[in-house]
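Residues per chain are reported as follows:
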Amino acid sequence: MKIDHIVQSQQFTVPMIWNLFERTKEMEKIVRRGGTKDYERFIMASLFYAPSTRTRFSFESAMYRLGGKVISTEQARIFSSEIQGERLEDTIRIIGNYCDLIVLRHHEEGGAIRASSVSRVPIINAGDGSGGQHPTQALLDLYTIYNELGTLEGLKVALIGALDKGRTARSLAYLLSKFERTKLYFIAPPEVQIKEDILEHLEEKNVHYELLDSADKIISEVDVVYQTRIDAERLIDKKIDLGIYNITKDFLKKMKKNSIIMHPLPRSVEISRDVDSDPRAAYFRQAENGLFVRMALITMVLDFE
Amino acid sequence: MKIDHIVQSQQFTVPMIWNLFERTKEMEKIVRRGGTKDYERFIMASLFYAPSTRTRFSFESAMYRLGGKVISTEQARIFSSEIQGERLEDTIRIIGNYCDLIVLRHHEEGGAIRASSVSRVPIINAGDGSGGQHPTQALLDLYTIYNELGTLEGLKVALIGALDKGRTARSLAYLLSKFERTKLYFIAPPEVQIKEDILEHLEEKNVHYELLDSADKIISEVDVVYQTRIDAERLIDKKIDLGIYNITKDFLKKMKKNSIIMHPLPRSVEISRDVDSDPRAAYFRQAENGLFVRMALITMVLDFE
Amino acid sequence: MKIDHIVQSQQFTVPMIWNLFERTKEMEKIVRRGGTKDYERFIMASLFYAPSTRTRFSFESAMYRLGGKVISTEQARIFSSEIQGERLEDTIRIIGNYCDLIVLRHHEEGGAIRASSVSRVPIINAGDGSGGQHPTQALLDLYTIYNELGTLEGLKVALIGALDKGRTARSLAYLLSKFERTKLYFIAPPEVQIKEDILEHLEEKNVHYELLDSADKIISEVDVVYQTRIDAERLIDKKIDLGIYNITKDFLKKMKKNSIIMHPLPRSVEISRDVDSDPRAAYFRQAENGLFVRMALITMVLDFE
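Residues numbered from 1 in each chain as written. Chains lettered and ligands numbered in written order. Predicted model: local features only at pLDDT ≥ 70, side-chain atom pairs only at ≥ 80, totals over all residues. Heavy atoms only, no water.

Focus on a negative patch on the surface
Residue and element names in this part refer to chain A. Where we set the bar: Every patch collects residues that have over 30% relative accessible area and no salt bridge, joining them within 9 Å if they carry like charges and within 5 Å if they are nonpolar side chains (Val, Leu, Ile, Met, Phe, Trp, Tyr). For the area figures, the Shrake-Rupley method with a 1.4 Å probe applies, and any residue is considered shielded solely by the protein chains shown. Salt bridge, as used here, is a side-chain nitrogen of Lys or Arg placed within 4 Å of a carboxyl oxygen of Asp or Glu. Charged-residue counts in this description rest on Lys and Arg as positive and Asp and Glu as negative, His and the chain ends being excluded. Charge positions come from single atoms, namely NZ of Lys, CZ of Arg, CG of Asp or CD of Glu. In this text, helices come from DSSP runs of H or I with a minimum length of four residues, and strands from runs of E with a minimum of two, each type numbered from the N-terminal end. Exposure is judged per residue with a 1.4 Å probe applied to protein chains only, and the accessible area is read against the type maximum: over 50% gives exposed, under 20% gives buried, and values in between give partly exposed.
A grouping of Glu196, Glu200, Glu203 and Glu204 is seen on the molecular surface, where their side chains present a negatively charged patch. Here Glu200 shows up in helix α7 (residues 196-204). The class for Glu200 is partly exposed, based on a relative accessible area of 46%.

What about the interface of chain A and chain C?
Selection criterion: We call two residues in contact when some of their heavy atoms are within 4.5 Å. By buried area we mean how much accessible surface two parts lose on assembly, using a 1.4 Å probe and totalling the loss over both. Residue polarity follows a fixed list, in which Ala, Val, Leu, Ile, Met, Phe, Trp, Tyr, Cys and Pro are nonpolar, Asp, Glu, Lys and Arg are charged, and the others, Gly among them, are polar.
At the interface, 25 residues of chain A touch 30 residues of chain C. Interface area for chain A against chain C, summed over the two sides, is near 2,600 Å², with a carbon-plus-sulfur share of 55%. Looking at the side of chain A facing chain C, the largest losses of area belong to Arg54, Phe57 and Tyr64 of chain A, adding up to 25% of the total buried there. We note a salt bridge from Lys37 of chain A to Glu40 of chain C, for which the minimum N-O separation is 3.3 Å. Considering each element in turn, the side of chain A that touches chain C owes the most residues, 9 residues, to helix α2 (residues 53-65) of chain A. Partitioning the side of chain A that touches chain C into residue classes produces 8 nonpolar, 6 polar and 11 charged.

Let's talk about the side chain of His263 of chain A
All names here are of chain A. Keep this limit in mind: Contacts described as polar in this section are N or O atom pairs within 3.5 Å, which, within protein, must combine one atom able to donate a hydrogen with one able to accept it, while residues neighboring in sequence count only if both atoms come from side chains.
Along the chain, His263 turns up in the loop between β9 (260-262) and α9 (283-302). Judged by relative accessible area, which is 1%, His263 ranks as buried. Here Glu270 takes part through its side chain, which lies 2.7 Å from a polar atom of the side chain of His263.

So, the pairing of strand β8 (residues 224-227) of chain A
Where a strand is regular, its side chains alternate between the two sheet faces. Residue and element names in this part refer to chain A. Put simply, the rule reads: Paired strands are those between which DSSP finds at least two bridges. A crossover gets the label right-handed when its path from the first strand over the helix to the second runs clockwise, viewed with the strands pointing away from the viewer.
Taking every second residue as pointing to the same face, both faces of β8 are buried, with Val224 and Tyr226 on one and Val225 and Gln227 on the other. Note: strand β5 (residues 156-160) against β8, 4 bridges, orientation parallel. Counted as the bridge partner of Ile160 is Gln227 from β8. Taken together, the 3 bridges between β8 and β9 define a ladder with parallel strand orientation. Note on β9: the bridge partner recorded for Val224 is Ile260. Once the chain exits β8 it traverses helix α8 (residues 249-254) before rejoining the sheet at β9, and the crossover so formed is right-handed.

Describing helix α5 (residues 135-149) of chain B
All names here are of chain B. Quick note on the threshold: To estimate how far a helix should extend, the number of its residues minus one is multiplied by 1.5 Å.
Given a rise of 1.5 Å per residue, 15 residues ought to cover 21 Å, and the 21 Å separating the end C-alpha atoms of α5 matches this to within 8%. Those residues of α5 that fall on the buried side of the exposure criterion are Pro135, Thr136, Gln137, Ala138, Leu139, Leu140, Asp141, Leu142, Tyr143, Thr144, Ile145 and Leu149. Of the residues one or two after α5, Gly150 is the one with positive phi, at around 80 degrees.

Some details on the domain arrangement of chain A
Residue and element names in this part refer to chain A. Our working definition: As used throughout, domain bounds are those supplied by an automatic or database domain assignment.
Each assigned domain of chain A is listed with its residue range as follows: domain 1 (9-133 + 287-302) and domain 2 (135-286). Spacing between the C-alpha centres of domain 1 and domain 2 amounts to 26 Å. Taken together, the contacts link 29 residues of domain 1 with 24 residues of domain 2. Each partner contributes to the roughly 2,300 Å² buried at the junction of domain 1 and domain 2, and carbon and sulfur atoms together form 63% of this total. Here domain 1 is connected to domain 2 by 15 residue pairs in polar contact (both at pLDDT 80 or more). For the side of domain 1 that touches domain 2, the elements supplying multiple residues, two or more each, are α1 (14-32), α2, β4 (123-128) and α9.

Considering the relation of the copies chain B and chain A
Heads up, the rule is: Alignment of copies: least-squares fit on C-alpha atoms of residues with pLDDT of at least 70 in both copies.
Overlaying chain B on chain A yields an RMSD of 0.0 Å, the required transformation being a rotation through 120 degrees with an accompanying axial translation of 0.0 Å. The symmetry that links the two subunits is that of a three-fold axis. Comparing contact sets, just 4% of the residues at the interface of chain B also lie at the interface in chain A, consistent with a heterologous contact between different surfaces.

What about the sheet that holds strand β6 (residues 183-187) of chain C?
All names here are of chain C. Rules: Convention adopted: a line fitted to C-alpha atoms gives each axis, helices being fitted over their contacting stretch, and angles between N-to-C directions are expressed from 0 to 180 degrees.
Taken together, 5 strands build an open sheet; the order of strands is β7-β6-β5-β8-β9 and the sheet is parallel. Here the strands that pair on one side only, and so sit at the sheet edges, are β7 (208-212) and β9 (260-262). Each neighbouring strand pair of the sheet contributes to a mean axis angle of 15 degrees, computed without reference to strand direction. The strands touched by helix α5 (residues 135-149) are β8 (224-227) and β9; relative to β9, the strand with the most contacts, the crossing angle is about 165 degrees.

Regarding the confidence of the model for chain A
This is how the line gets drawn: A residue's pLDDT is the confidence the predictor assigns to it, expressed on a 0 to 100 scale.
For chain A, mean pLDDT is 93; residues scoring 70 or higher make up 97% of the total. ipTM for the predicted complex: 0.94, alongside a pTM of 0.95.

Written as C-alpha cells, this is what we have:
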C-alpha cells in the first residue's frame, strides 16, 4: 500500500489504518533491534516554517531509525535576506530536488495541500495552520488507543479542553467515528465546546455523542480520557472554575481500572504531576508511539517495491 | 585535479571548468543510482552567518548523496551568549578540528578568503557579502547553459534585472567571457545597469556586449535569458514601467524555440507563473543542477587519491 | 567503566579520569584512521536552550566520528507556538523516546541534574547556567594539560581573569586539586578574584595556592597559564590597568620553555594574535582535544558491553 502524500486524516480509510498499524508494530520490533538500514539511500527534508522541536525530533529520529538521512530547518520563513516569503510552491519545487521526502510544518491552513499539488517528492503534513490538520498526530493518538486497549470498537472516549480550537481532539473524534459503536463525550465549558461541523459529521455517521460541561457523570464509564489544554486566557472573564477540568489523583480514583489518560503534550496545569506514575497515564507512551507511527508513515510514502 | 579552497569564480580556468563538468555528469549518474558511500568518513560543516535554507540544503544534500555527514548552523553569528562576534579566523581554526570541509556563508565581502587563509580544511564559499562572491552559483549557472544547449561557444546571452548589484549576473558574465564568440546583452533601466568593472573586463577580452534598456531588439535572437530581480524599491521615484522587464507568455512567444530562461531564484514578479510549464523555462532544472555541481565541487576539494 | 549521566565534574574520581584519558587516546587513533562505525545504531540529541555553535559542533562531530546520528536544536526554549517553556522534565521524558543520549545545554543552574533525574537515556551536561557546571570543558582542559606536559603531578598553574564568575577556571582548579603537589596561582584584580568556596576546598585538600593581582612574580615558574576573559565591563569604574592581564609577546618571553598557554575560547583581547604561532600556545590544540574527550565521554555513557 503506497501513499503519494499525507496531508489530512480524512484520506485514511479503515483498511489503510490497519495497514498502518501493522507496519507500526513492525517498526517497534525494528527499533528494539537497533534500527534498520533499509532506507539509507533516502534523504528527508524537515521544512518547518516555525519551530516545533518535539514533532521535528520525532520525524527525524524515525528517519534515522530507518537508516535514512535528514536535512533540516526550523526557520523556513527566512529563506534569504533578500526575499522574505517566497511562494511556498516555488520552495517545494526546489527543495524537492534535494531530498526524497518533505516533512512540512506550515503556518497557513491548506499549506500541505498546496505543497503536495506541485511536489515531485512525497509531502507529509506535520501541521498546517492552527485551524488546519496534523494527521500524523491523529494517527498516533488512534494507534495509542488501539495499542493500550486492544480494540477500536465499542469505546467510550471523553475529550476534555478547549475543543473548539482543539486540532488534535477534532481529528481524533473524526477518526474514531469510523469504528463501530464509538461513544464520544465532549467535556468543556460551553464557550469553547466542540464545533458544529464535527457534530454534523458524527450525526451523519450515527455516532453517539454527548456535550457535557463536567466529566462527573461519565468519568467512571469511559475507556479513554483525551485531555487537552483548556485555554484559560480566553475564559478569563467568565468566572468559571476551570480546576474541575484538570486531571488529579481524585479524578483518577473515579476512573475504571482498565482505562487510559492521553494528552498530545506539551501540558500546562491540566494534568497534575502526581498522575504521571499511575499505569493509566498513557501520555508518555503516546509520545513514544509517535516514533513508531511516523516510521511506518515514512515507509508508506517511500516504499520502493 | 585537487583544489584547496573554492573562494571566487575567477580561480576557475577553462580546463578546471571542463573537469568540473565531467565530474558533474558523473554525479548525475550517482544520484540516479541512489548515491554513493565513497565519502562516508567525511564531515562537512555548514557554517552560515545568516540563514539561506535553499543554498544550505543544496550543499547538505550533496554531501549526503556522497555518503558523508553534516554538522550545521544558520546562526553562526551568535557564537555564545558571552561574546558576540568572535573573529572569523578563530572560529574557522576551531571548527576545522570538527570537520573535513567548511561551507561558509559570511556576511562580509572577503570573508571566504580570510577564512581560507587560516583554515586547516577546505573552505567552500557559499556567498560572502552582498557585493562579494558566490562561485558555486556561478558555476551551476554555467553548467546549466552547457547542459541545456550543448555548448558554451558562440552563445548570445541576455542578462536582465538590477545588474549593478546582481552578484549572480556579474559572475556569469565573467565566466562566459572565457568562451569563444560570446555575445552579452545587459538589459536594465540605466539607473541599475551593469557596472564599469565588468565592461572593462569584457573589452579586455574582446567580448561583444550591448547595453539596452529593453529586450525588444534582441529577444528573438538570444540563446539564453538570464532573468534576475529588478529591485523595484530603488527605482520607485523614476516613473519607469518596470513591467517591460518581466517575462510573460508574450515574451516567450518572441523567443527562439531552442533557447532557455534561467533565474537564480527566489523570484518575485519578474517571471509569471504561467511561464513555468514551457519547456524553455530552465530555472527549476537549474536548481536541480545545483545539487550535482556542488557534489562535484565537494569531490574536488576532498579528493583523497 | 559505564557512567549513567555526566552532570558535574565532581563525579569524576581519579581512576575515572585515567580511564577517560585512556579512552581519549584511543579516540585520537580512531579519528586518524577516519572514524569508526561502532556506534552507528545510536542517535544523539543536541538539546540546546541557547546557541553555542562551537560546543554543539564538537559534540556532534564526536558522535559522527563514532558512526552515530544526531538530531539537533539550538532553540529548545521555543518548543511550540502555544506553550513557551514546557517543564524541562516533561521535555526530557519525551525527547528520550527519540534518541539514545541527550546532550543538554540549559540556561538554569541545576538543569542537568533535574534532567538526569527523570531521563530514560544518558544526559551529558554541555553547560547549565552561568554559575553552573560544564564538566566536559573541565575534563578536556585537564586532558590538554596531561597531553601537553605528560603529567598531572607537581604542576604550577596560573589562572588569570575574572575568576569569581569563571566557570571553567573554577572547575579546573577543582579537578587539579585531586592531583599530588599541585600549586595554584589565582591572578586577578581583587574585585573579581576567585571565590571563597574554591579556596576552602583547596585548604581542605592541602593544596598550595596564592592570590595575586599580577602574574609578574610567578610568570617564569609556572607550567600552565590558563587565561580567561577579564570582564572589563564590570571593572570599568575601577581605573585598573587591565592590560597587564593580557598575554603578549613580552609575557611569552618570561615564560618557561616547557610551559603552555591555554584558553577556553572564544577570546577577546586577552591573548594577542601574535602569540598564536608560538609552540606554547596550546589553545587551538585544546579545542581539538574537545573532540577526542567528548568522543570518549560518549562511549562511557553508551557502552553496551
